[in-house]
Amino acid sequence: MRNTKPGFEIIESSFGSSFYYSKYAEKLNNKAHVWHYHPEIEMVFVNGGSGKRQIGSHLSYYTDGDLILIGSNLPHCGFTDSNTANKNETVIQMKPTFLGIDFLKLQETKYISDLFNKAKGGIAFGAETKKTVGKRIESMDNQQPFDRLLTLLSVLKDLENAKDYKILNASGFSMEMQVQDNDRINMIFNYIKDHFQEEINLAAIAEMASMTTPSFCRYFKKITKKLLPDS
């Protein structure tokens, strides 16, 4: 089991830009196993390969690459590692108001607010949308800041118009907790992440959290708004 502290990630915009952009070569994203969150909305395009998603209380696998949009403060892990076999991974992180509040109220840009609102539960896009926008997301690596922004706006527009998508946490996800709960909830999610392919032993997790099984199930429901199996 990992003993990683819960991660509040501080993100700095790329030089000369209002948002962060990074394109990682295969296996070079060292944040792959870190359970973390941040105010910025995150877009991730994985070019090829298969891997695992952990976003909020959602766990699943992807094949043939991935395209994800993660809402503000929605906890998640990275998506690639040494076993993923992807060509590269592109990460874009932007504050919900990075374009300005007034700009987002324009009729022409209302789609951005609608998309960001939908991303609160995490969005996984299908093969057609990955094909449509993937190359443009990667092409931003060689663009100047202004052109990069224009490309991002066009990508966001296509994502809002996409029909092949799935909301990963359909009823939303809540991490309403006190600071003293951080270590406990981090331990729970790290355990689930590391034992995803095994049968989860509720009694064992409850014992690690120094709680009875019924108390632990109530605690998990309070934190995540989700029910555990057999609870």
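Predicted model only: the values in this text are computed from it and were never measured.

Student: What should I look at first to understand the overall build of the protein chain in this one?
Tutor: A count of helical and extended segments in the protein chain gives seven helices and ten strands. The proportion of buried residues among the 231 residues of the protein chain is 49%. Long-range pairs, those at least 24 residues apart, make up 74% of the contacts in the protein chain between residues at least 6 apart in sequence. Element-wise, carbon and sulfur atoms account for 51% of the exposed surface of the protein chain, whose accessible area totals about 12,000 Å².

Student: I'm lost on the nonpolar core in this one. Help?
Tutor: A general tendency of soluble globular proteins is for nonpolar side chains to be buried together. The biggest cluster of nonpolar side chains holds 28 residues, and the ones touching the most others in it are Met43, Ile92, Met94, Leu152 and Leu156. For this core, the elements supplying multiple residues, two or more each, are β4 (41–47), β7 (66–70), β8 (88–94), α2 (110–118), β9 (123–125), α3 (127–139) and α4 (145–161). With residues near it in sequence (within four places) discarded, Met43 still touches Leu67, Ile68, Leu69, Thr90, Val91, Ile92, Met94, Ile137, Leu152, Val155, Leu156 and Leu159. Within the second largest apolar cluster, 14 residues are counted, among which are Ile55, Ile70, Val91 and Leu168.

Student: Got a minute to help me understand the sheet that holds β7 in this structure?
Tutor: In a beta sheet, neighbouring strands pair by backbone hydrogen bonds and run either parallel or antiparallel. Spatially, six strands are ordered β2-β8-β4-β7-β9-β10 in an open sheet, and the strand pairing comes out antiparallel. Since the sheet does not close on itself, it has two edges, and those belong to β2 (20–25) and β10 (165–167), each with one partner. Along the sheet, successive strands turn relative to each other by an average axial angle of 15°, direction set aside. Sheet analysis places β9 next to β10, joined by three bridges and oriented antiparallel. From the neighbouring strand, Ile123 faces β10, where its bridge partner is Ile167. Strand contacts of α4: β2, β4, β7, β8 and β9, with the helix running at about 85° to β4, the strand carrying the most contacts.

Student: What exactly am I supposed to notice about α4 here?
Tutor: Counting along an α-helix, one turn takes 3.6 residues, and residues three or four places apart therefore face a common direction. With 17 residues, α4 extends 25 Å between its outermost C-alpha atoms, agreeing within 8% with the 24 Å of an ideal straight helix rising 1.5 Å per residue. Of the residues making up α4, those classed as buried are Arg148, Thr151, Leu152, Leu153, Val155, Leu156 and Leu159.

Student: In this structure, what is going on with the environment of Pro145? I would like to understand it.
Tutor: As for its position among the elements, Pro145 is in helix α4. Its relative accessible area of 31% is what places Pro145 among the partly exposed residues. Taking the C-alpha atoms as reference, Pro145 lies 5.6 Å from Ser17; in sequence the two are 128 residues apart.

Student: Whenever I open this one, the pattern of salt bridges confuses me. Can you help?
Tutor: It is possible for side chains bearing opposite charge to pair when their charged atoms get close. A complete count under the given rule lists five salt bridges for this structure. The salt bridge partner of Asp66 is Arg53, with a shortest N-O separation of 2.9 Å. Here the residue Asp66 occupies a position in strand β7, and Arg53 occupies one in strand β5 (residues 51–55), the gap between them amounting to 13 residues. Its relative accessible area of 1% is what places Asp66 among the buried residues. For Arg53, a relative accessible area of 12% gives the class buried. Here Glu160 makes a salt bridge to Lys118, at a shortest N to O gap of 3.7 Å. Within this pair, whereas Glu160 is found in helix α4, its partner Lys118 is found in helix α2, the two being separated by 42 residues in sequence. Judged by its relative accessible area of 21%, Lys118 is partly exposed.

Student: Please explain unusual backbone geometry as it appears in this structure.
Tutor: Apart from glycine, the bulk of residues carry a negative phi angle, and the bulk of peptide bonds sit in the trans form. Look at Asp64: it is not a glycine, yet its phi comes out positive at around 55°. On the secondary structure map, Asp64 appears in the loop between β6 (58–62) and β7. Despite not being glycine, Asn73 has its phi angle at roughly 60°, a positive value. Counting through the fold element by element, Asn73 comes out in the loop between β7 and β8.

Thresholds, definitions, all that
Residues numbered from 1 in each chain as written. Predicted model: local features only at pLDDT ≥ 70, side-chain atom pairs only at ≥ 80, totals over all residues. Heavy atoms only, no water. Helix = DSSP H or I, 4+ residues; strand = E, 2+ residues; numbered from the N terminus. Buried < 20%, exposed > 50% of the residue type's maximum accessible area, 1.4 Å probe, protein only. Contact = heavy atoms within 4.5 Å. Areas by Shrake-Rupley, 256 points an atom, 1.4 Å probe, with all protein chains shown as cover. Core = buried A, V, L, I, M, F, W, Y, C linked by side-chain atoms within 4.5 Å. Pairing = 2+ DSSP bridges. Axes fitted to C-alpha atoms, helices over the stretch in contact; angles between N-to-C directions. Expected span 1.5 Å × (residues − 1). Salt bridge = Lys/Arg side-chain N within 4 Å of Asp/Glu carboxyl O.

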